[in-house]
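Close look at the chain arrangement
Each chain, letter by letter, is given below.
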Amino acid sequence: MKRSVIDILDLSVDELNGLMDTAEDIIANPDDYADSCRRKKLATLFFEPSTRTRMSFEAAMYELGGNVLSMTDAASSSASKGESVADTARVISCYADIIAMRHPKEGAALVAANNATIPVINAGDGGHCHPTQTLADLLTIRREKGSFSGLTVGLCGDLKFGRTVHSLINALSRYDGVRYVLISPEELKLPSYVKEEAIKPRGIPYEQTESLEDAMPSLDVLYMTRVQKERFFNEEDYLRLKDSYILDPAKMALGRQDLIVMHPLPRVNEISVAVDRDPRACYFKQVLNGKYMRMSLILKLLEEAAS
Ligand code: CP
């Protein structure tokens, strides 16, 4: 049966664990999966820029033995003539077996899923959700820390517009024993709906601070984020806030030896390149884990569509 993934909450905790288990098996036995999607086609519809998400979806499909149809730029598609997302989804359903779509508008992926006859994966819709980045994040945390239980997770930077933060909180909050330190300027605080829906009903401990230095010693995981320039209404606010946090070796010295540092990338200034040499920096491992988790998700949704 056709099924789409728009929000990380579309996947149960058992399914998240299963996707991570499959990803681990793909990592250990890649040849076993080399023909899994033979004669299947993935359409990547990206109405907003991307490097990692689009290319990792495409690499994932190729490594599963499938093919890819790629729309990398809305300006070169019929969206520029006014074609709706709904019609685009209907049309692409005639050519491909599964869609990965990124769009600047919140809710666009849901519109596509409601109109496509094939599974749709949300590859980022405005400031709303980015579920496959969360799959990459979960696998990275599980591989580096062993489990999610008992972890203090610091989320730092643009917690207001950062869709990866919203999706990660929605996922991690379903595992026992997590607590959060929310590190942001006042204007970029986590939206209250995320707190009300994901954190407070489960009684998850959290604190809010503007000081990364104060938070550092308590953290098991530090998730840095870029200030989302493309979501600001005026440039002046962006320029004032863009360098609110810069993680550098001096701040890393305040962190635990077993801290892991994550970032969905792209980074701008918020992590100094000198931190890349620190063994606690995990953001490039996250990139690779994203490809394996996208392989795992494509396999699952195509298997379900065939059943
Ligand atoms: N992390 C992420 O979504 O990166 P891209 O914008 O390059 O896809």
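What comes next concerns the included structure. (Residues numbered from 1 in each chain as written. Predicted model: local features only at pLDDT ≥ 70, side-chain atom pairs only at ≥ 80, totals over all residues. Heavy atoms only, no water.)

1. Concerning the overall build of the chain
What counts, and what does not: In this text, helices come from DSSP runs of H or I with a minimum length of four residues, and strands from runs of E with a minimum of two, each type numbered from the N-terminal end. Put simply, the radius of gyration uses C-alpha atoms, and a globule should come to 2.2 Å times the residue count raised to 0.38. Residue burial is assigned from relative accessible area. The probe radius is 1.4 Å, only protein chains are included, and a residue is buried under 20% of its type maximum, exposed over 50%, and partly exposed in between.
Along the chain, the regular secondary structure elements total 11 helices and nine strands. The C-alpha radius of gyration of the chain comes to 19 Å, within 12% of the 19 Å expected for a compact globule of 307 residues. With the principal axes as the frame, the chain shows a C-alpha extent of 55 × 45 × 40 Å. Here the chain, with 307 residues, has 55% of them falling under the buried criterion.

2. Some thoughts on the environment of S307
Counting through the fold element by element, S307 comes out in the segment after α11 (283–306). A relative accessible area of 71% places S307 in the exposed class. A sequence separation of 139 residues divides S307 from L168, and the C-alpha atoms of the two residues are 30 Å apart.

3. Notes on the packing of helix α5 (residues 131–145) against helix α6 (residues 163–172)
Packed helices, taken two at a time, are described by the angle between their axes plus the distance between the axes. The line we're drawing: Axis lines are fitted to C-alpha atoms, over the contacting stretch for helices. Their N-to-C directions set the angle, which ranges from 0 to 180 degrees. In what follows, roughly perpendicular refers to angles from 65 to 115 degrees, roughly parallel to angles under 35, roughly antiparallel to angles over 145, and oblique to any angle outside these ranges. Left-handed is the label given to a crossing in which the near helix is rotated counterclockwise from the far helix by less than a right angle, and right-handed is the label when the rotation is clockwise. Contacts are assigned to residue pairs that have any heavy atoms within 4.5 Å of one another. Any residue outside Ala, Val, Leu, Ile, Met, Phe, Trp, Tyr, Cys, Pro, Asp, Glu, Lys and Arg is labelled polar, Gly included; the first ten of those are nonpolar and the last four are charged.
At their nearest, the axes of α5 and α6 sit 9 Å apart, and the two run at 55° to each other. On the basis of their axis angle, the class for α5 and α6 is oblique. The handedness of the crossing between α5 and α6 is right-handed. In contact with P131, Q133, T134, D137, L138 and I141 of α5, α6 contributes T164, S167, L168, A171 and L172. Residues belonging to the contact of α5 with α6 are distributed by class as follows: six nonpolar, four polar and one charged.

4. Section: the site of the ligand
To keep things clear, this is the line we draw: Near, as used in this document, describes a residue that has one of its heavy atoms within 4 Å of the molecule or strand being considered. Two N or O atoms count as a polar contact when they lie within 3.5 Å, although within protein this holds only if one can serve as hydrogen donor and the other as acceptor, and sequence-adjacent residues are included solely when both atoms are side-chain atoms. Surface exposure here means Shrake-Rupley accessible area, sampled with a 1.4 Å probe, where a residue is shielded only by the protein chains that are shown.
The local shell around the ligand consists of S50, T51, R52, T53, R102, H130, Q133, P264 and L265. T53 has a polar side-chain atom sitting 2.6 Å from an oxygen atom of the ligand. A distance of 2.9 Å separates an oxygen atom of the ligand from a polar atom in the side chain of R102. Burial of the ligand by the protein amounts to 92% of the accessible area it has alone, namely 260 Å². A breakdown of the residues in the shell around the ligand according to their chemical character gives two nonpolar, five polar and two charged.

5. A closer look at the pairing of strand β6 (residues 179–183)
This is how the line gets drawn: For two strands to count as paired, DSSP must find a minimum of two bridges between them. Note on handedness: a crossover is taken as right-handed if, strands pointing away from the viewer, the path from the first strand over the helix to the second is clockwise.
With four of its five residues buried, β6 lies for the most part within the structure. With five bridges connecting them, strand β5 (residues 152–156) and β6 associate as parallel partners. Within β6, the residue paired with V153 across the bridge is Y180. In this region the chain leaves β5, passes through α6 and returns to the parallel neighbour β6; the handedness of that crossover is right-handed. Pairing of β6 with strand β7 (residues 206–209), which is carried by four bridges, proceeds in the parallel orientation. When the sheet's bridge partners are listed, V181 is paired in β7 with E207. A crossover connection joins β6 to the parallel β7 through helix α7 (residues 192–199); in handedness this β-α-β unit is right-handed.

6. Structural notes on the packing of aromatic side chains
What counts is decided by this rule: In this analysis, rings of Phe, Tyr and Trp, with Trp reduced to its six-membered ring, are considered paired at centre separations within 6.5 Å, and the interplanar angle assigns stacked below 30 degrees, edge-to-face beyond 60, and tilted for intermediate values. Counting as a charge over the ring demands two things of the Lys NZ or Arg CZ atom: a distance within 6 Å of the ring centre and an angle within 35 degrees of the ring normal.
Applying the stated criterion to the full structure yields two aromatic pairs. Taking 4.4 Å as the distance between ring centres and 45° as the angle between the ring planes, the aromatic pair formed by F148 and Y175 counts as tilted. Residue F148 is found in the loop between α5 and β5, and its partner Y175 is found in the loop between α6 and β6; the two are separated by 27 residues along the sequence. For Y175, a relative accessible area of 12% translates into the label buried. Against the face of F57 rests R294, its NZ or CZ located 5.3 Å from the ring centre.

On their own, these measurements won't tell you what the molecule is for.
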